[in-house]
Amino acid sequence: MSQQELFLDSAPSGAKESRGRSRLGLIVTGVMGGSLVALYAVAAPFVAPALRKICLPFVPATTAQVENVLNVLRARSGSLVDIGSGDGRIVIAAAKHGFKASGFELNPWLVWYSRYKAWREGVHCSTSFHISDLWKVSFAQYSNVVIFGVPQMMDQLELKLARELPSTAKVVACRFPFPTWVPEETAGEGIDTVWVYDAETFKSQLQQRMTRKTMPEQEDTPDIHT
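Residues numbered from 1 in each chain as written. Predicted model: local features only at pLDDT ≥ 70, side-chain atom pairs only at ≥ 80, totals over all residues. Heavy atoms only, no water.

Quick notes on the packing of aromatic side chains
Then, in step 1: Tallied over the full model, the rule gives nine aromatic pairs.
Then, in step 2: When the centroid spacing of 6.5 Å and the interplanar angle of 85° are considered together, the rings of Phe104 and Tyr142 count as edge-to-face. With a gap of 38 residues between them, Phe104 in strand E2 (residues 100-105) and Tyr142 in the loop between strand E3 (127-131) and strand E4 (144-148) connect regions that are remote in the sequence.
Then, in step 3: Between the aromatic rings of Phe139 and Tyr142, the centroid separation amounts to 6.4 Å while the plane-to-plane angle is 50°, which identifies the pairing as tilted. (Phe/Tyr/Trp six-rings, centres within 6.5 Å; stacked < 30°, edge-to-face > 60°. Helix = DSSP H or I, 4+ residues; strand = E, 2+ residues; numbered from the N terminus.)

Things to note about helix H6 (residues 151-164)
Then, in step 1: Taking 1.5 Å as the rise per residue, H6 with 14 residues should run 20 Å; its terminal C-alpha atoms sit 21 Å apart, in good agreement.
Then, in step 2: Taken as a whole, H6 carries its principal kink of about 30° at Leu157. (Expected span 1.5 Å × (residues − 1). Bend = angle between axes of the 7 residues up to and from the residue.)

Some remarks on unusual backbone geometry
Then, in step 1: Even without being a glycine, Arg175 presents a positive backbone phi close to 75°.
Then, in step 2: For Arg175, the location among the structural elements is in the loop between strand E5 (170-174) and strand E6 (185-187).
Then, in step 3: For Arg175, a relative accessible area of 23% corresponds to the partly exposed category. (Buried < 20%, exposed > 50% of the residue type's maximum accessible area, 1.4 Å probe, protein only.)

Side note on the pattern of salt bridges
Then, in step 1: In this structure the tally under the stated criterion is five salt bridges.
Then, in step 2: The salt bridge partner of Arg89 is Asp87, with a shortest N-O separation of 2.6 Å.
Then, in step 3: Judged by its relative accessible area of 30%, Arg89 falls in the partly exposed class.
Then, in step 4: What emerges from the salt-bridge pattern is a single network uniting Lys170, Glu184 and Asp198. (Salt bridge = Lys/Arg side-chain N within 4 Å of Asp/Glu carboxyl O.)

Things to note about the sheet that holds strand E7 (residues 194-198)
Then, in step 1: Strand order in the open sheet formed by seven strands is E3-E2-E1-E4-E5-E7-E6, with mixed pairing between adjacent strands. Only two strands of the sheet have a single neighbouring strand rather than two, namely E3 and E6. Each adjacent strand pair in this sheet contributes to an overall mean axis angle of 20°, direction not counted.
Then, in step 2: Here strand E1 (residues 79-83) runs beside E4; their pairing, made up of four bridges, is parallel. Paired with Asp82 across the strands is Val146, a residue of E4. (Pairing = 2+ DSSP bridges. Axes fitted to C-alpha atoms, helices over the stretch in contact; angles between N-to-C directions.)

Regarding empty space enclosed by the protein
Remark: the empty space left among the atoms is shown by a probe the size of a water molecule rolled over them.
Then, in step 1: Scanning the model with the defined rule gives one cavity of 30 Å³ or more in all.
Then, in step 2: Taken as a whole, the largest cavity spans an internal volume of roughly 40 Å³.
Then, in step 3: Considering the residues around the largest cavity, the lining is formed by Glu158, Leu159, Ala162, Trp181, Phe202, Gln205, Leu206 and Arg209.
Then, in step 4: Elements supplying a minimum of two residues to the lining of the largest cavity: H6 and helix H7 (199-214).
Then, in step 5: When residues in the lining of the largest cavity are grouped by element, the largest group, four residues, is from H7.
Then, in step 6: Looking at the lining of the largest cavity, its residues break down into five nonpolar, one polar and two charged. (1 Å grid on protein atoms, 1.4 Å probe; cavity = no way out; pocket = protein on both sides within 12 Å on 5 of 7 lines; lining within 4 Å. Points joined across faces, edges and corners; volume = space filled by probe spheres on them. Nonpolar A, V, L, I, M, F, W, Y, C, P; charged D, E, K, R; others polar.)

By themselves these figures say nothing about function.
Written out as structure tokens, the structure reads:
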């Protein structure tokens, strides 16, 4: 028997219990610390967007909302983008109806889940999902836009889309309409209502507004009679 073992055997039982409790405390602290780190890693992508000045909270689209979006776009084709795509259900449904569909979402967990769902549904070749802030993305390449926005952002989004989208584009707003645009069509009721806007119309409105702002005011000059 080594000297260390002899020392431990001769140590008072109270000292042995104290060392045991200390060792147990370190283990518990380590487990709790690891759990908190894991919890932060999972929760951070959900919390971080909410800390922004304007955020898109994740509220899954209802079946009726998805059907309304597809119904108002039934005669359309080409590229489609869902701004704040959440779990990807709008993008996946649009891809099944022939669109080349993309989604932009800040939450990486939702983006990865959307990619998995698209693969499972067999539409991964006609869909794409991106982790990105909508204010840092240009939507000029899309002919169909779907947005589940919040009232605080809709006026700013009006200007962004009016400047970027082609005149042939259509915009579908869900849950909340745009504040100044006049919809050409609506579908559904209550929270399932969707509003459809024509890009040629709202781009013309923006152009008229900008023209009025830059037009110099005419000065009133008195008539001079000789």
